[in-house]
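Architecture and fold: a report
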Number of protein chains: 4
Amino acid sequence: MQDLINDIADTMANAERRGKVADYIPELGHVDPQQFAISLATVDGKVYSAGCATTPFSIQSISKVFTLTIALGQMGDSLWSKVGREPSGDPFNSIVQLEHESGKPRNPFINAGAIAVVDAIMMGHEPKETLGEILSFVRYIADDDSIYFDHAVAASEMAHLDRNASLAHFMKAFGRLDHDVDKVLGTYFHQCAIAMSCEQLAHAGLFLASDGINKPSGIRVVAPQRARRINSLMMMCGHYDASGEFAFRVGLPGKSGVGGGILAIAPGYGSIAVWSPGLDSYGNSLLGTQALEMFVQRTGWSVFGHY
Amino acid sequence: MQDLINDIADTMANAERRGKVADYIPELGHVDPQQFAISLATVDGKVYSAGCATTPFSIQSISKVFTLTIALGQMGDSLWSKVGREPSGDPFNSIVQLEHESGKPRNPFINAGAIAVVDAIMMGHEPKETLGEILSFVRYIADDDSIYFDHAVAASEMAHLDRNASLAHFMKAFGRLDHDVDKVLGTYFHQCAIAMSCEQLAHAGLFLASDGINKPSGIRVVAPQRARRINSLMMMCGHYDASGEFAFRVGLPGKSGVGGGILAIAPGYGSIAVWSPGLDSYGNSLLGTQALEMFVQRTGWSVFGHY
Amino acid sequence: MQDLINDIADTMANAERRGKVADYIPELGHVDPQQFAISLATVDGKVYSAGCATTPFSIQSISKVFTLTIALGQMGDSLWSKVGREPSGDPFNSIVQLEHESGKPRNPFINAGAIAVVDAIMMGHEPKETLGEILSFVRYIADDDSIYFDHAVAASEMAHLDRNASLAHFMKAFGRLDHDVDKVLGTYFHQCAIAMSCEQLAHAGLFLASDGINKPSGIRVVAPQRARRINSLMMMCGHYDASGEFAFRVGLPGKSGVGGGILAIAPGYGSIAVWSPGLDSYGNSLLGTQALEMFVQRTGWSVFGHY
Amino acid sequence: MQDLINDIADTMANAERRGKVADYIPELGHVDPQQFAISLATVDGKVYSAGCATTPFSIQSISKVFTLTIALGQMGDSLWSKVGREPSGDPFNSIVQLEHESGKPRNPFINAGAIAVVDAIMMGHEPKETLGEILSFVRYIADDDSIYFDHAVAASEMAHLDRNASLAHFMKAFGRLDHDVDKVLGTYFHQCAIAMSCEQLAHAGLFLASDGINKPSGIRVVAPQRARRINSLMMMCGHYDASGEFAFRVGLPGKSGVGGGILAIAPGYGSIAVWSPGLDSYGNSLLGTQALEMFVQRTGWSVFGHY
């Protein structure tokens, strides 16, 4: 397996087309596009890595998997009155669907949906408390207390908040948010600014590969059915309006972030984190997707195959 | 396993809410809503059935899985220039997306996409020849020459063709169809009017559970990667704008039809066909979905779990 | 006044940018783009013309004013249950609005609305009879029996009917059309293929400038309120999604056709017909619009001014 | 004329269906729905009033006519790079069109467009200065220094700003606003909270009935062409997605506000202000529209007729 991981990293190191680093958040625009990392954590406790797998990067929307998990833990199925669970067919920051459906976001992974999820887990608390809880949870499932918020990235996002502010105010106008828009957005931008390495991220995702149990520690994070359902949402909605493409090419539940990371889950096998900052036109990591496609072709771990 | 299948059939026999039989096609409106059938064909050659599993019903949109398979066999990936592979977020008969995207349907399972697929496989031939080829293929993968076109259903659909004619003419106006609209629609309606029983349908879907090999016969129908990709499309788009819901509740690639049938694939395990004519508000079988949900809860065969 | 008309014709004869002749109807694509004509018929019975004002051209969508007048004569306000009277904000052939509003067209001048109007005036008759009635009416208000259907243009449109067929079938699917789609479309395409000269057209429109009375003959065509309402519809919807632009620049109720003609009404003054085959990006005559803008700037006949 | 004005007021005083007072701005919700006022200012300097024509009410969106006039005075036609001039076909607070057209509002009278106009006239100044300029202009054209901002209404709107904040942030995200969203909204809400009586409003609108000259004083406010163009925008877009209906029934350029006022212009004749707080389903004054319809039927002052 280590050979395969090395092969993938070598192939990606030599790739000429590397995509375009997100620049609408200036702080993300400074990242070196030559970087690539991959890390696989298996359900039997092994870790295989290559590239700069211990370099922290901004996980951005991948954090939505973790806040969704927290929200389901707090509220259970009542969360679904606040946010749907269907692919939207629209880009991550689209507002058209919100107008057609009275301010209720289609799923928890488009921006509007993730903002609604953050609002749900605030439960009357201040942003600082909520952020403390989010960070604690991520550190816990990654078993690593060095994970941190990159405040420079959060500040950079706060300085370019308009598109997300538009979504939040729109939902607020329909009574879909309980807290102040400013507080919800502040919490949301910090959540997106969590910095993790591929090794930390693969570890953090492992509970989704094992029906809810974090295999190395043996601790149950969520019930089996919940783990499966989170995976289903990652499959259906994890790559916005390129979710179908990711399912077609990779065949694993996955969640991307504009920082260039992708977390993919191979149920029963392991959790794979990849990172390369250059994005394709849908905002998903170009080489990260190629790396996962190559990984699944060689391992056969597509959920759609008979492996 | 037979006990589980029997349990499911018993539960569904006693269900009070049975959904609403499709009545926009009058011929389908006459079907008795009390009927229920389930059939599981496993990759090791066993068959478990309960209910009226040998009663033929109109498979309707489930046929789109088979025409997609034929089209990919003929054209390979060039098919994707004619039709996309993303969930649309819209109902099965929506035309809004077509106008926004220059007449190219989002995926092969919405009506517009399936009509484009039929046009692709006609390749200059007459409807009769194309229909002959479709029927031969379905009989071949089901290993059953008694499968037939229900001409009364096809005629009933032809008499209520306007919504689909609108879709077809719209695509034609953008140069997306090569053949006459009337011929394409005639072929499409007959394809949808294929009548099969649950046992036949489960058998026909088995190649998708075995990386492309029809296990009982050992014959390869498609390459492994193609089988996985068809499954991914069923997962992402098989239930229209309720595809997310089906993934969330059932967790298997599946394709529904307004006749009340659903074909679901458990890769590595088997192919499950269910039938109950009453539909939910999205046009998917109400009890069929519940039966599959119960089946997966008891077997753990969700592709998102560690089974 | 004749001097002004001559000035306008001279200016337009020398214009370099002349727009693009419609080529989606091949028969229209052959027309010489160098042609220009203008004709003003005044309420006191004078006629001022310049350019090729006696050359017949295809009036296309301008015919929708006449079929609307016929339909209101037959049905009165019950017509408004079949078609709305709001600008749509969308191009002339858009289908998006139809899906959002259950197949009811926004107004009688977008294609879908005009098709619904034709269906309304058929009243169970065959296309031939309806077309006879339409032609009789146009000949009557223009006082000229030489006006005719250009069957070559109609045939050319029939051969490229898909976009309009899509609209018609969509409305039929919602029960919005009473007659066969083929018959309605056949009638519609012939109506659009009426050939008239600018002089004939200006004469035909005169009743709208005089509260419903065709001034030269003194015959009342419609009641005063109806004339005003037809003018209001021309103002609001007569140039599709460039109606606001026409109101802003010209300030008169007007109706354009892709043949390059425009009929404009100056209530209390007269009826102006212009023709130049080259179109702007919205499908309206480029020089025709400029000619009307120049005309109104010089006469002050904008309905929005104090003339 | 006074008899007609009295007749109208009497008819409306006895109307049973009076519409629904806007309650999404709580401060507006307290207004007594039994009130009705009408005032006509003619180009020859006469004033005819009935009902509570000296009672100030919140003019709300009618103020958009005045800020548009100011913006055109400052910027001329360059304003049209910031905002379009087409009817949108959507409700006043819709955001769908903004997403489809890169954040550029369709016209200056939908909320998004009016916010863009306010941003344009701020020109780097603080809200206080801009509001001072707006109020001075309105007092000047109404020749009445008692006109004021109703700060309670402005505060009430600020407390329910989310829908408009969503629009503003959306435009800001596309670089369409030069100033801080908070400052633009603060200015916008105060502008909408201008309180005027029907007599003051009719007086203020008079320059639009006289090709730009405020007749009583003889002072030119805008050039003739600009007056006509503002009228054209009122006709095409002044009643949101019911603009076609207003043109059809009334036939005058008009602008409504959710406070229940309507300003209508009869070019060459006069300016008519009506007020009745109850609204129809489009957000336009129910009795105000009926009053104007009655007025035009009796006077024949439709711009579409030969009066």
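Since the structure is predicted, the reported quantities are computational estimates derived from the model, not experimental observations.

**Examining the UniProt feature "binding site: substrate" (unreviewed entry) in chain A**
Residue and element names in this part refer to chain A.
- Mapped onto this numbering, the UniProt entry gives "binding site: substrate" (unreviewed entry) at Ser 61, Asn 111, Glu 157, Asn 164, Tyr 188, Tyr 240 and Val 258.
- In this fold, Asn 164 is placed in helix H8 (residues 162-173).
- With respect to the helices and strands, Val 258 occurs in the loop between strand S9 (254-256) and strand S10 (261-266).
- When near neighbours in sequence (up to four residues on either side) are disregarded, Val 258 contacts Ala 22, Tyr 24, Leu 28, Gln 60, Leu 279 and Gly 283.

**Here's the deal with the relation of the copies chain D and chain C**
- Once chain D has been moved 0.0 Å along the axis and rotated by 180°, it coincides with chain C to within an RMSD of 0.0 Å. The transformation just described matches what one would write down for a two-fold rotation axis. Within chain D, the C-alpha atom positioned nearest to the axis of rotation is that of D:Gly89, 2.5 Å from it.
- Most of the interface of chain D is mirrored in chain C, where 97% of its interface residues again form contacts.

**Comments concerning the interface of chain D and chain C**
- If you look at the interface, chain D gives 37 residues, while chain C gives 36 residues.
- Taken over both partners, the interface formed by chain D and chain C buries close to 3200 Å², and the fraction arising from carbon and sulfur atoms is 56%.
- Sorting the residues of chain D by area buried against chain C places D:Phe248, D:Phe304 and D:His306 first, and these three jointly supply 26% of that buried surface.
- Between the two partners, chain D and chain C, sit 2 salt bridges.
- For D:Glu245, the salt bridge is made with C:Arg85, and the minimal N-O distance between the two is 2.8 Å.
- At the junction of chain D and chain C, the tally comes to 12 residue pairs in polar contact (both at pLDDT 80 or more).
- The residue inventory of the side of chain D that touches chain C, partitioned by class, reads 13 nonpolar, 14 polar and 10 charged.

**Thoughts on the nonpolar core**
- Ranked by internal contacts, the top residues of the largest apolar core, which has 161 residues, are A:Phe66, A:Met196, B:Phe66 and B:Met196.
- Apart from residues lying up to four places away in sequence, A:Phe66 is in contact with A:Ile59, A:Phe137, A:Val138, A:Ile141, A:Met196, A:Leu201, A:Ala204 and A:Leu263.
- C:Ile121, C:Leu233, D:Ile5 and D:Leu201 belong to the second-largest nonpolar core, a separate cluster that totals 160 residues.

**A short note on the sheet that holds strand S5 (residues 148-149) of chain C**
All names here are of chain C.
- Taken in spatial order, the 3 strands make up an open sheet running S4-S6-S5, and their pairing is antiparallel. Each having just a single partner strand, strand S4 (57-58) and S5 make up the two edges of the open sheet.
- Two strands pair when backbone bridges link them, and S5 and strand S6 (residues 194-196) are joined in this way by 2 bridges, in the antiparallel orientation. If you follow Tyr 148 over to S6, its bridge partner there is Ala 195.

**Description of the interface of chain B and chain A**
- Taken together, the contacts link 37 residues of chain B with 37 residues of chain A.
- Interface area, chain B with chain A, both sides summed: about 3200 Å², of which 56% is carbon and sulfur.
- Per-residue buried area on chain B facing chain A is highest for B:Phe248, B:Phe304 and B:His306; these three make up 26% of the total on that side.
- Across the contact surface, chain B and chain A share 2 salt bridges.
- For the pair chain B and chain A, the number of links is 12 residue pairs in polar contact (both at pLDDT 80 or more).
- Listed by contribution, the elements that provide at least two residues to the side of chain B that touches chain A are helix H11 (224-237), helix H12 (243-249) and helix H13 (286-299) of chain B.
- Top element by residues in the side of chain B that touches chain A is H11(B). It accounts for 8 residues.

Calculation rules
- Residues numbered from 1 in each chain as written.
- Chains lettered and ligands numbered in written order.
- Predicted model: local features only at pLDDT ≥ 70, side-chain atom pairs only at ≥ 80, totals over all residues.
- Heavy atoms only, no water.
- UniProt positions renumbered as here; feature names shortened; annotations may be inferred.
- Helix = DSSP H or I, 4+ residues; strand = E, 2+ residues; numbered from the N terminus.
- Contact = heavy atoms within 4.5 Å.
- Least-squares fit on C-alpha atoms with pLDDT ≥ 70 in both.
- Buried area = accessible area lost by both parts, 1.4 Å probe.
- Salt bridge = Lys/Arg side-chain N within 4 Å of Asp/Glu carboxyl O.
- Polar contact = N/O pair within 3.5 Å; in protein donor to acceptor, adjacent residues only side chain to side chain.
- Nonpolar A, V, L, I, M, F, W, Y, C, P; charged D, E, K, R; others polar.
- Core = buried A, V, L, I, M, F, W, Y, C linked by side-chain atoms within 4.5 Å.
- Buried < 20%, exposed > 50% of the residue type's maximum accessible area, 1.4 Å probe, protein only.
- Pairing = 2+ DSSP bridges.

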